[in-house]
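# Results of the structural survey
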Amino acid sequence: MLSKVEKKVIDKAYSSNKAYDDLVTLCDRYGGRFAGSEENREAAEYILGLFEDNGFHNPHLESFTFKGCTVGASSLDIKGANRLEVQTLTLPMTRTGS
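Calculation rules
Residues numbered from 1 in each chain as written. Predicted model: local features only at pLDDT ≥ 70, side-chain atom pairs only at ≥ 80, totals over all residues. Heavy atoms only, no water. Helix = DSSP H or I, 4+ residues; strand = E, 2+ residues; numbered from the N terminus. Buried < 20%, exposed > 50% of the residue type's maximum accessible area, 1.4 Å probe, protein only. Contact = heavy atoms within 4.5 Å. Expected span 1.5 Å × (residues − 1). pLDDT = per-residue confidence, 0-100. Pairing = 2+ DSSP bridges. Axes fitted to C-alpha atoms, helices over the stretch in contact; angles between N-to-C directions. Parallel < 35°, antiparallel > 145°, perpendicular 65-115°, else oblique. Left-handed = near helix turned anticlockwise from the far one by under 90°. Nonpolar A, V, L, I, M, F, W, Y, C, P; charged D, E, K, R; others polar.

When helices and strands are counted, the chain shows three helices and two strands. Along the chain, from the amino end to the carboxyl end, the secondary structure elements read α-α-α-β-β. Looking at the chain as a whole, 11% of its 98 residues are labelled buried. At a minimum sequence separation of 6, the contacts of the chain that also span at least 24 residues come to 24%.

On the secondary structure map, Arg29 appears in helix H2 (residues 18-30). Sequence spacing of Arg29 and Glu39 is ten residues, and the spatial spacing of their C-alpha atoms is 8.4 Å. The residues contacting Arg29, other than those within four sequence positions of it, are Val24 and Tyr46.

Looking now at helix H3 (residues 38-53). The terminal C-alpha atoms of H3, which comprises 16 residues, lie 23 Å apart, in line with the 22 Å expected from a rise of 1.5 Å per residue. Lining the buried residues of H3 we find H2. In the stretch just after H3, Gly55 is the one whose phi turns positive, near 80°.

A separate point is the side chain of Asp22. Following the sequence through the fold, Asp22 ends up in helix H2. Not counting residues within four places of it along the chain, the set of residues in contact with Asp22 comprises Tyr46 and Leu50.

Here we come to the confidence of the model for the chain. Across the chain, pLDDT averages 84, with 87% of residues at or above 70. Highest mean pLDDT in the chain belongs to H3 (94); lowest belongs to strand E1 (residues 73-78) (78).

What follows is about the side chain of Thr25. The topology assignment puts Thr25 in helix H2. When its relative accessible area of 17% is taken as the criterion, Thr25 is described as buried. Look past the residues within four positions of Thr25 in its chain and what remains in contact with it is Tyr30 and Tyr46.

To continue, consider the pairing of E1. Summarising the sheet, E1 and strand E2 (residues 84-89) pair through six bridges and their orientation is antiparallel. The residue of E2 that forms the bridge with Ala73 is Leu89. Taking the residues between adjacent antiparallel strands as the criterion, E1 and E2 are bridged by five residues, where Gly80 takes a positive phi near 145°.

With that settled, consider the packing of H2 against H3. At a minimum axis distance of 10 Å, the contact between H2 and H3 shows a crossing angle of 160°. Viewed along their axes, H2 and H3 adopt a mutual orientation that is roughly antiparallel. Both H2 and H3 take part in a crossing whose hand is right-handed. Where H2 abuts H3, its residues Lys18, Asp22, Thr25, Leu26, Arg29 and Tyr30 lie against Glu39, Glu42, Ala43, Tyr46, Ile47 and Leu50. Of the residues that constitute the contact of H2 with H3, the class distribution is six nonpolar, one polar and five charged.

Structure, rendered in structure tokens:
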């Protein structure tokens, strides 16, 4: 049997654009949200607010540690007759290669 909160969430999913609007907000306002970034934290707080607004019992954020990475400048060197160097963005879990 579904709780009142669950019924409310399901009803909203079928009767409004709220979920889509929230997704647009997450993408447009908080960008890529790399783990550990300020944007990631702000997005988590936004989602926490959604849980609170929908009446979930005791929603909260929890701290945790993880093995992260540093996002920085990088480049791709394309070798050949028309050598080209392209500036790139290092993404999490990207390995160094040659």
